[in-house]
Amino acid sequence: MKKVLFRADADQSIGYGHFIRTLALADLLKDDFECVFYTQTPTEYQKNELSSVCPFMALPADDSKFNLFLEQLKGDEVVVLDNYFFTSEYELQIKEKGCKVVLIDNLHRRHTFADAVLGFLVGLEEKEYSTESYTRLYLGPSYTLLRRPFLKQLQLSHPPVKDYKKLNVVISFGGSDSSGVAVALTNLLAESDCVNQVTLIGNFKNGLSDNKKIVFKSKLSAQEMCDEFATNDVAILPASTTMLEALACGIKIIGGYFVDNQIENYNQYVRVNACIGCGDLTQEVNRIKVKEIIENGLQDIHTQQAGFIPANVRDNKIEIGRASCRERV
């Protein structure tokens, strides 16, 4: 059986998006390939998520992780890379071992030597990527990486919000919001008479008020995250992997960004009405805009979320895995 090695890291500065979406791909390929996940100093949350998918190898969090991973390669594997710090030179080092390379990349900021590139943002075009002649590109929402509960939820109908007077709101800024943007939004929305409950999902709660409307949750499984998006009325999210999962659940989304690498994603989501855009959420004026949108009547805002992610995403991900393992890609 062909071996596929997945290489993605996560921590409070990187965030968990790279890890989560790469793990989603591993989960859908594990029945057809021998999958092993390599990640730096995994947390208990990561270990729990990996336990139901595939074996993993822990790497150190310093720069020695790059060479240590190369030393694991025998030359007949497919290597899936997902993090912004991987370079063109590192791809070549992997290929010189004899391996094939699959790159997950929405930002196309450098030349790639990968055999296959996966980019799942809407509007991505082949001309935006600098590649080798042999590189195959798999672009667009059809190649969205979703974990199994979200794939299942994608097939269900999504009824509209019935009561717009009292909304249940869920806020999730991932594991890298150390600046407290999500906490500030949570406190602000809990003060609104139009909000029934605010659920904050994250790793940080410093500064969270004791308002009885606020519920704090942490380290949720894929199914638990899916349940939150399926049962609440509106989600406040950055343009990240979490937003893609929320889109699969059909929940109304007010979106923004809080780090620079989310800006391109955000602009594309707003352009196709996949979310209601509020810009840079580190700015108080934009957080107030979120509150005003909710209080002015979310029912009047129409989005195209229902058809944003095609229902055939699972088949396309398996296609990527199989194509990457052929003698010629």
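Peer 1: Sorry, what's going on with the overall build of the protein chain here?
Peer 2: If you tally the helices and strands in the protein chain, you get 11 helices and 15 strands. Across the 329 residues of the protein chain, 57% fall into the buried class. For the protein chain, the proportion of contacts with a sequence separation of at least 24, taken over those separated by at least 6, is 57%. When the accessible surface of the protein chain is split by element, carbon and sulfur atoms take 46% of a total near 14300 Å².

Peer 1: Before we go on, may I ask you to explain helix α6 (residues 181-190) in this structure?
Peer 2: Owing to its 3.6 residues per turn, the α-helix brings residues three or four apart onto one side. Among the 10 residues in α6, 9 count as buried, and that is most of the element. Within the span of α6, buried status applies to Val 181, Ala 182, Val 183, Leu 185, Thr 186, Asn 187, Leu 188, Leu 189 and Ala 190.

Peer 1: Can you walk me through the environment of Phe 6 in this structure?
Peer 2: As for its position among the elements, Phe 6 is in strand β1 (residues 3-7). Looking at Phe 6, the relative accessible area reads 0%, which means it is buried. For Phe 6 and Val 36, which are 30 residues apart along the polypeptide, the C-alpha to C-alpha distance reads 6.2 Å. Leave out the neighbours within four places in its chain, and Phe 6 touches Thr 22, Leu 25, Ala 26, Leu 29, Cys 35, Val 36, Phe 37, Tyr 38 and Val 80.

Peer 1: Honestly, the packing of aromatic side chains in this entry has me stumped. Any pointers?
Peer 2: The geometry of two aromatic rings is summed up by the distance between their centres and the angle between their planes. With the rule as written, the count across this model stands at 12 aromatic pairs. Centre to centre, the rings of Tyr 38 and Phe 69 are 5.1 Å apart; their planes meet at 75°, and the pair counts as edge-to-face. Here the residue Tyr 38 occupies a position in strand β2 (residues 34-40), and Phe 69 occupies one in helix α3 (residues 64-72), the gap between them amounting to 31 residues. The exposure class of Phe 69 is buried, given its relative accessible area of 0%.

Peer 1: Quick question: what am I supposed to make of empty space enclosed by the protein here?
Peer 2: Rolled over the atoms, a probe as big as a water molecule pinpoints where empty space is left. Across all of its chains, the model carries 2 cavities of 30 Å³ or more by this definition. What the largest cavity holds in volume is close to 60 Å³. For the largest cavity, the full set of lining residues is Phe 173, Gly 174, Asp 177, Ala 182, Val 183, Leu 200, Ile 201, Gly 202, Asn 203 and Phe 204. Broken down by secondary-structure element, the contributors of at least two residues to the lining of the largest cavity are α6 and β11 (195-201). Broken down by class, the residue content of the lining of the largest cavity amounts to 6 nonpolar, 3 polar and 1 charged.

Peer 1: Is there a simple way to think about the environment of Leu 124 in this case?
Peer 2: Relative to the helices and strands, Leu 124 resides in the loop between β7 (116-119) and β8 (130-131). When the C-alpha positions of Leu 124 and Gln 268 are compared, they lie 9.3 Å apart, and in sequence the two are 144 residues distant. In contact with Leu 124, other than residues within four places in its own chain, are Asn 106, His 108, Gly 119, Tyr 129, Leu 139 and Gln 268.

Peer 1: Just checking my understanding: could you explain the sheet that holds strand β3 (residues 56-59) for this structure?
Peer 2: Two pairing modes exist for strands in a sheet, parallel and antiparallel, and in both the strands are linked by backbone hydrogen bonds. Spatially, the 7 strands line up as an open sheet ordered β3-β2-β1-β4-β5-β7-β9, and their pairing is parallel. Each edge of the sheet is formed by a strand with only one pairing partner; in this case those strands are β3 and β9 (136-139). Between one strand and the next, the sheet's axes are offset by a mean angle of 20°, whatever the strand orientation. Summarising the sheet, β1 and β2 pair through 5 bridges and their orientation is parallel. When the sheet's bridge partners are listed, Phe 6 is paired in β2 with Phe 37. Packing against the sheet, α3 makes contact with β1, β2, β3 and β4 (78-81), and its axis sits at approximately 145° to β3.

Rules of the game
- Residues numbered from 1 in each chain as written.
- Predicted model: local features only at pLDDT ≥ 70, side-chain atom pairs only at ≥ 80, totals over all residues.
- Heavy atoms only, no water.
- Helix = DSSP H or I, 4+ residues; strand = E, 2+ residues; numbered from the N terminus.
- Buried < 20%, exposed > 50% of the residue type's maximum accessible area, 1.4 Å probe, protein only.
- Contact = heavy atoms within 4.5 Å.
- Areas by Shrake-Rupley, 256 points an atom, 1.4 Å probe, with all protein chains shown as cover.
- Phe/Tyr/Trp six-rings, centres within 6.5 Å; stacked < 30°, edge-to-face > 60°.
- 1 Å grid on protein atoms, 1.4 Å probe; cavity = no way out; pocket = protein on both sides within 12 Å on 5 of 7 lines; lining within 4 Å.
- Points joined across faces, edges and corners; volume = space filled by probe spheres on them.
- Nonpolar A, V, L, I, M, F, W, Y, C, P; charged D, E, K, R; others polar.
- Pairing = 2+ DSSP bridges.
- Axes fitted to C-alpha atoms, helices over the stretch in contact; angles between N-to-C directions.

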